[in-house]
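A closer look at the structure
Here is what each chain is made of, one letter per residue.
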Amino acid sequence: MWYEEHGAGRPLVLLHGSYGSTETFAPVRPALATRRRLIAVDLQGHGRTADVDRPLRYESLADDVAALLRHLDLPEADLLGYSLGGGVALRTAIQHPALVRRLVLVSTPCRRRGWHPGALAAMSAHDARAAERMRGTPAYERYARLAPRPQDWPVLWARSGELLRRDYDWSAEVAALPMPVLLVFADADAIPVRHMAEFFGLLGGGRGDVGGDRPMSRLAVLPGLTHDDVVTSPALPAAVLPFLTHPARAPG
(Lines give C-alpha, C1' and ligand atoms only; values in the text may rest on other atoms or scores of the structure.)
Protein backbone atom coordinates (compact mmCIF):
# COMPACT_ATOMS: atom_id res chain seq x y z
CA MET A 1 0.00 0.00 0.00
CA TRP A 2 1.63 3.22 -1.17
CA TYR A 3 1.62 6.20 1.17
CA GLU A 4 3.66 9.37 1.35
CA GLU A 5 4.15 11.97 4.05
CA HIS A 6 4.41 15.75 3.98
CA GLY A 7 4.57 18.39 6.70
CA ALA A 8 4.64 17.97 10.47
CA GLY A 9 2.19 17.99 13.34
CA ARG A 10 -0.90 15.98 14.19
CA PRO A 11 -1.50 13.31 11.50
CA LEU A 12 -4.09 13.89 8.78
CA VAL A 13 -4.76 11.01 6.37
CA LEU A 14 -5.80 11.99 2.82
CA LEU A 15 -7.94 9.58 0.77
CA HIS A 16 -8.51 10.30 -2.93
CA GLY A 17 -11.55 9.69 -5.14
CA SER A 18 -12.22 7.14 -7.88
CA TYR A 19 -9.33 6.66 -10.36
CA GLY A 20 -7.26 9.14 -8.34
CA SER A 21 -4.05 8.99 -6.35
CA THR A 22 -2.13 10.98 -3.78
CA GLU A 23 -1.61 13.58 -6.54
CA THR A 24 -5.29 14.50 -6.22
CA PHE A 25 -4.40 16.66 -3.23
CA ALA A 26 -1.32 18.34 -4.72
CA PRO A 27 -3.00 21.78 -5.16
CA VAL A 28 -4.09 21.96 -1.49
CA ARG A 29 -1.26 19.97 0.07
CA PRO A 30 1.02 22.97 0.84
CA ALA A 31 -1.73 24.74 2.79
CA LEU A 32 -2.65 21.62 4.75
CA ALA A 33 1.00 20.71 5.42
CA THR A 34 1.62 24.01 7.20
CA ARG A 35 -0.40 22.68 10.14
CA ARG A 36 -0.47 18.89 9.75
CA ARG A 37 1.60 15.78 9.13
CA LEU A 38 -0.08 14.60 5.94
CA ILE A 39 -0.28 10.90 5.17
CA ALA A 40 -1.58 10.56 1.61
CA VAL A 41 -2.66 7.08 0.55
CA ASP A 42 -3.14 5.30 -2.77
CA LEU A 43 -6.05 2.92 -2.25
CA GLN A 44 -6.16 -0.63 -3.63
CA GLY A 45 -5.62 -0.67 -7.40
CA HIS A 46 -5.11 3.12 -7.54
CA GLY A 47 -1.95 5.13 -8.14
CA ARG A 48 1.14 3.28 -6.98
CA THR A 49 -0.75 0.64 -4.98
CA ALA A 50 -1.09 -2.58 -6.97
CA ASP A 51 -4.41 -4.37 -7.16
CA VAL A 52 -4.96 -7.57 -5.17
CA ASP A 53 -7.24 -10.54 -5.69
CA ARG A 54 -10.33 -9.19 -3.96
CA PRO A 55 -13.25 -6.94 -4.93
CA LEU A 56 -13.22 -3.24 -4.18
CA ARG A 57 -15.37 -2.65 -1.11
CA TYR A 58 -15.60 0.38 1.15
CA GLU A 59 -15.35 -1.93 4.15
CA SER A 60 -12.12 -3.65 3.11
CA LEU A 61 -10.53 -0.38 2.00
CA ALA A 62 -11.37 1.03 5.44
CA ASP A 63 -9.64 -1.93 7.05
CA ASP A 64 -6.59 -1.13 4.90
CA VAL A 65 -6.52 2.42 6.27
CA ALA A 66 -6.82 1.16 9.84
CA ALA A 67 -3.99 -1.31 9.21
CA LEU A 68 -1.80 1.52 7.93
CA LEU A 69 -2.45 3.62 11.04
CA ARG A 70 -1.47 0.67 13.21
CA HIS A 71 1.59 0.04 11.04
CA LEU A 72 2.64 3.65 11.63
CA ASP A 73 1.99 3.22 15.36
CA LEU A 74 -0.62 6.00 15.36
CA PRO A 75 -3.23 5.54 18.10
CA GLU A 76 -5.50 8.04 16.32
CA ALA A 77 -5.50 10.40 13.34
CA ASP A 78 -7.72 12.87 11.53
CA LEU A 79 -9.13 11.61 8.21
CA LEU A 80 -10.01 13.59 5.09
CA GLY A 81 -11.66 11.66 2.28
CA TYR A 82 -12.96 12.88 -1.06
CA SER A 83 -15.78 11.14 -2.99
CA LEU A 84 -14.78 7.45 -3.04
CA GLY A 85 -12.17 8.25 -0.40
CA GLY A 86 -14.87 9.90 1.66
CA GLY A 87 -16.80 6.65 1.71
CA VAL A 88 -13.63 4.87 2.80
CA ALA A 89 -12.97 7.48 5.51
CA LEU A 90 -16.56 7.17 6.75
CA ARG A 91 -16.35 3.38 6.93
CA THR A 92 -13.01 3.69 8.77
CA ALA A 93 -14.71 5.86 11.38
CA ILE A 94 -17.62 3.42 11.64
CA GLN A 95 -15.49 0.26 11.82
CA HIS A 96 -12.53 1.66 13.77
CA PRO A 97 -13.83 4.69 15.73
CA ALA A 98 -11.02 4.63 18.28
CA LEU A 99 -8.51 5.38 15.49
CA VAL A 100 -10.31 8.48 14.18
CA ARG A 101 -10.05 11.76 16.06
CA ARG A 102 -11.88 13.98 13.55
CA LEU A 103 -13.43 13.17 10.21
CA VAL A 104 -13.68 15.35 7.09
CA LEU A 105 -15.90 14.10 4.26
CA VAL A 106 -15.69 15.98 0.96
CA SER A 107 -18.43 15.45 -1.65
CA THR A 108 -19.55 12.21 -0.03
CA PRO A 109 -23.08 10.92 0.69
CA CYS A 110 -23.99 8.55 3.51
CA ARG A 111 -26.19 6.37 1.28
CA ARG A 112 -26.02 5.48 -2.38
CA ARG A 113 -29.25 7.27 -3.22
CA GLY A 114 -27.70 10.43 -1.85
CA TRP A 115 -26.10 10.95 -5.26
CA HIS A 116 -27.94 12.82 -8.02
CA PRO A 117 -29.77 10.41 -10.36
CA GLY A 118 -27.48 11.47 -13.21
CA ALA A 119 -24.42 10.62 -11.16
CA LEU A 120 -25.89 7.22 -10.30
CA ALA A 121 -26.54 6.52 -13.98
CA ALA A 122 -22.95 7.42 -14.86
CA MET A 123 -21.60 5.21 -12.08
CA SER A 124 -23.67 2.28 -13.31
CA ALA A 125 -21.94 2.51 -16.70
CA HIS A 126 -18.44 2.04 -15.30
CA ASP A 127 -17.00 -1.16 -16.77
CA ALA A 128 -14.08 -2.42 -18.85
CA ARG A 129 -15.59 -1.01 -22.05
CA ALA A 130 -15.84 2.44 -20.48
CA ALA A 131 -12.18 2.10 -19.50
CA GLU A 132 -11.23 1.78 -23.17
CA ARG A 133 -13.10 4.99 -23.98
CA MET A 134 -11.20 6.78 -21.19
CA ARG A 135 -7.75 6.04 -22.59
CA GLY A 136 -5.96 9.30 -23.37
CA THR A 137 -7.71 11.25 -20.60
CA PRO A 138 -5.72 12.89 -17.78
CA ALA A 139 -6.92 10.18 -15.38
CA TYR A 140 -5.61 7.45 -17.67
CA GLU A 141 -2.31 9.23 -18.31
CA ARG A 142 -1.76 9.56 -14.55
CA TYR A 143 -2.61 5.89 -14.01
CA ALA A 144 -0.30 4.78 -16.82
CA ARG A 145 2.52 6.81 -15.30
CA LEU A 146 2.09 5.64 -11.70
CA ALA A 147 0.55 2.16 -11.67
CA PRO A 148 2.76 -0.90 -11.12
CA ARG A 149 0.65 -2.66 -13.78
CA PRO A 150 -0.72 -0.08 -16.26
CA GLN A 151 -2.46 -2.91 -18.14
CA ASP A 152 -4.88 -3.22 -15.17
CA TRP A 153 -6.73 -0.02 -16.18
CA PRO A 154 -9.79 -1.99 -17.44
CA VAL A 155 -9.73 -4.12 -14.27
CA LEU A 156 -9.90 -0.99 -12.11
CA TRP A 157 -12.93 0.25 -14.04
CA ALA A 158 -14.69 -3.09 -13.83
CA ARG A 159 -14.10 -3.40 -10.09
CA SER A 160 -14.98 0.26 -9.49
CA GLY A 161 -18.23 -0.17 -11.41
CA GLU A 162 -19.15 -3.18 -9.31
CA LEU A 163 -18.50 -1.17 -6.15
CA LEU A 164 -20.42 1.88 -7.36
CA ARG A 165 -23.48 -0.17 -8.34
CA ARG A 166 -23.80 -1.75 -4.87
CA ASP A 167 -26.52 -0.25 -2.70
CA TYR A 168 -25.73 0.99 0.81
CA ASP A 169 -27.23 3.14 3.53
CA TRP A 170 -25.06 4.00 6.54
CA SER A 171 -27.49 6.45 8.13
CA ALA A 172 -27.82 4.55 11.41
CA GLU A 173 -24.05 4.21 11.78
CA VAL A 174 -23.55 7.91 10.99
CA ALA A 175 -25.96 8.93 13.73
CA ALA A 176 -23.88 6.94 16.22
CA LEU A 177 -20.46 8.37 15.29
CA PRO A 178 -18.65 9.62 18.41
CA MET A 179 -16.17 12.01 16.75
CA PRO A 180 -16.71 15.50 15.26
CA VAL A 181 -17.40 15.41 11.51
CA LEU A 182 -17.02 18.15 8.90
CA LEU A 183 -19.12 17.72 5.76
CA VAL A 184 -17.82 19.69 2.78
CA PHE A 185 -19.77 19.99 -0.47
CA ALA A 186 -19.70 22.17 -3.57
CA ASP A 187 -22.82 24.19 -4.31
CA ALA A 188 -22.89 22.50 -7.75
CA ASP A 189 -22.01 19.06 -6.41
CA ALA A 190 -23.09 15.62 -7.63
CA ILE A 191 -25.00 15.39 -4.35
CA PRO A 192 -28.25 17.37 -3.97
CA VAL A 193 -28.62 19.95 -1.23
CA ARG A 194 -31.43 17.97 0.37
CA HIS A 195 -29.05 15.09 1.07
CA MET A 196 -26.41 17.46 2.44
CA ALA A 197 -29.01 18.69 4.94
CA GLU A 198 -30.16 15.14 5.73
CA PHE A 199 -26.57 14.01 6.35
CA PHE A 200 -25.86 16.99 8.60
CA GLY A 201 -29.06 16.31 10.51
CA LEU A 202 -27.89 12.78 11.31
CA LEU A 203 -24.82 14.37 12.94
CA GLY A 204 -26.93 16.62 15.14
CA GLY A 205 -26.84 19.69 12.90
CA GLY A 206 -29.60 21.89 11.58
CA ARG A 207 -31.64 21.97 14.79
CA GLY A 208 -31.46 25.69 15.38
CA ASP A 209 -29.60 27.84 17.87
CA VAL A 210 -30.92 26.56 21.19
CA GLY A 211 -29.29 28.19 24.18
CA GLY A 212 -26.15 28.99 22.22
CA ASP A 213 -25.19 25.32 21.91
CA ARG A 214 -23.47 24.17 18.75
CA PRO A 215 -23.15 20.64 17.42
CA MET A 216 -19.71 19.03 17.40
CA SER A 217 -20.02 18.56 13.64
CA ARG A 218 -20.05 21.18 10.90
CA LEU A 219 -21.35 21.68 7.37
CA ALA A 220 -19.60 23.72 4.67
CA VAL A 221 -21.08 24.32 1.21
CA LEU A 222 -18.41 26.00 -0.89
CA PRO A 223 -19.70 28.40 -3.55
CA GLY A 224 -18.87 28.41 -7.24
CA LEU A 225 -17.48 24.87 -7.26
CA THR A 226 -18.39 21.44 -8.61
CA HIS A 227 -17.80 17.86 -7.52
CA ASP A 228 -14.69 17.76 -9.71
CA ASP A 229 -12.92 20.91 -8.54
CA VAL A 230 -13.93 21.25 -4.87
CA VAL A 231 -11.01 19.06 -3.79
CA THR A 232 -8.44 21.34 -5.44
CA SER A 233 -9.91 24.68 -4.37
CA PRO A 234 -8.12 26.94 -1.82
CA ALA A 235 -11.51 27.14 -0.12
CA LEU A 236 -11.10 23.52 1.03
CA PRO A 237 -8.13 23.97 3.43
CA ALA A 238 -9.68 27.26 4.54
CA ALA A 239 -12.71 25.27 5.74
CA VAL A 240 -10.83 22.20 6.97
CA LEU A 241 -8.02 23.66 9.10
CA PRO A 242 -10.24 25.62 11.54
CA PHE A 243 -12.38 22.51 12.05
CA LEU A 244 -9.34 20.38 12.85
CA THR A 245 -8.11 22.83 15.48
CA HIS A 246 -11.23 24.19 17.20
CA PRO A 247 -12.10 22.80 20.67
CA ALA A 248 -14.87 20.25 20.26
CA ARG A 249 -17.60 19.70 22.80
CA ALA A 250 -20.94 17.99 22.69
CA PRO A 251 -24.09 20.13 22.82
CA GLY A 252 -25.26 20.87 26.36
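Refer to the structure printed above.
What you are looking at is a predicted structure, and each value in this text was computed from that prediction instead of being measured.

A short note on the overall build of the protein chain
- Within the protein chain one finds ten helices and seven strands.
- A principal-axis box enclosing the C-alpha atoms of the protein chain has dimensions of 60 × 40 × 30 Å.
- The proportion of buried residues among the 252 residues of the protein chain is 53%.
- When contacts within the protein chain are restricted to residue pairs at least 6 apart in sequence, those whose partners lie at least 24 apart make up 78%.
- Here the protein chain displays about 10,800 Å² of accessible surface, and carbon together with sulfur accounts for 54% of that area.

Points about the environment of G205
- Along the polypeptide, G205 turns up in the loop between α9 (193–202) and β7 (218–226).
- Judged by its relative accessible area of 5%, G205 is buried.
- Between the C-alpha atoms of G205 and L164, which are 41 residues apart in sequence, the distance is 28 Å.
- Not counting residues up to four positions away in its chain, the partners in contact with G205 are F200 and P215.

Details of the layout of surface pockets
- In this model, the largest pocket occupies a volume close to 700 Å³.
- Among the secondary structure elements, those contributing two or more residues to the lining of the largest pocket are α4 (117–124), α6 (138–146) and α7 (153–165).

Focus: the pairing of strand β2 (residues 11–15)
- Counting buried positions along β2 gives five out of five residues, so the element sits mostly inside the fold.
- Residues of β2 alternate between two faces, with P11, V13 and L15 on one and L12 and L14 on the opposite face, all of them buried.
- Taken together, the five bridges between β2 and strand β3 (residues 37–41) define a ladder with parallel strand orientation. The partner of V13 across the bridge, within β3, is I39.
- Sheet topology places β2 next to strand β4 (residues 77–82); four bridges connect them, and they run parallel. Bridge assignment links L12 to a residue of β4, and that residue is D78.

Considering the sheet that holds β7
- If you walk across this open sheet you meet the seven strands as β1-β3-β2-β4-β5-β6-β7, and the pairing is mixed. Edge positions in the open sheet fall to β1 (3–6) and β7, since each of these has one partner strand only. Within the sheet, the average angular offset between the axes of one strand and its neighbour, ignoring direction, is 20 degrees.
- Docked against the sheet, helix α10 (residues 235–245) engages β2, β4, β5 (100–106), β6 (181–188) and β7, running at close to 160 degrees with respect to β5.

As for the environment of L164
- Along the chain, L164 turns up in helix α7.
- For L164, a relative accessible area of 9% gives the class buried.
- Note: C-alpha distance between L164 and M123 (41 residues apart in sequence) is 5.9 Å.
- When sequence neighbours within four positions are dropped, the list of residues in contact with L164 reads Y58, R112, M123 and H126.

Structural notes on the packing of aromatic side chains
- All told, the structure shown has eight aromatic pairs when counted by the stated rule.
- A connected cluster of aromatic rings, assembled from ring pairs, spans Y19, Y140, Y143, W153 and W157.
- Here the guanidinium or amino end of R48 rests over the ring plane of W2, the centre of that ring lying 4.8 Å away.
- Positioned above the aromatic ring of F243, the side-chain terminus of R102 is 5.8 Å from the ring centre.

Quick notes on unusual backbone geometry
- At D73, a residue that is not glycine, the phi angle is positive and equals roughly 60 degrees.
- As for its position among the elements, D73 is in the loop between α2 (58–71) and β4.
- The exposed category is assigned to D73, whose relative accessible area is 64%.
- Its identity is not glycine, yet S83 carries a phi of approximately 55 degrees, on the positive side.
- Within the fold, S83 resides in the loop between β4 and α3 (84–95).

How each quantity is defined
- Residues numbered from 1 in each chain as written.
- Predicted model: local features only at pLDDT ≥ 70, side-chain atom pairs only at ≥ 80, totals over all residues.
- Heavy atoms only, no water.
- Helix = DSSP H or I, 4+ residues; strand = E, 2+ residues; numbered from the N terminus.
- Buried < 20%, exposed > 50% of the residue type's maximum accessible area, 1.4 Å probe, protein only.
- Contact = heavy atoms within 4.5 Å.
- Areas by Shrake-Rupley, 256 points an atom, 1.4 Å probe, with all protein chains shown as cover.
- 1 Å grid on protein atoms, 1.4 Å probe; cavity = no way out; pocket = protein on both sides within 12 Å on 5 of 7 lines; lining within 4 Å.
- Points joined across faces, edges and corners; volume = space filled by probe spheres on them.
- Pairing = 2+ DSSP bridges.
- Axes fitted to C-alpha atoms, helices over the stretch in contact; angles between N-to-C directions.
- Phe/Tyr/Trp six-rings, centres within 6.5 Å; stacked < 30°, edge-to-face > 60°.
- Lys NZ or Arg CZ within 6 Å of the ring centre and 35° of its normal.

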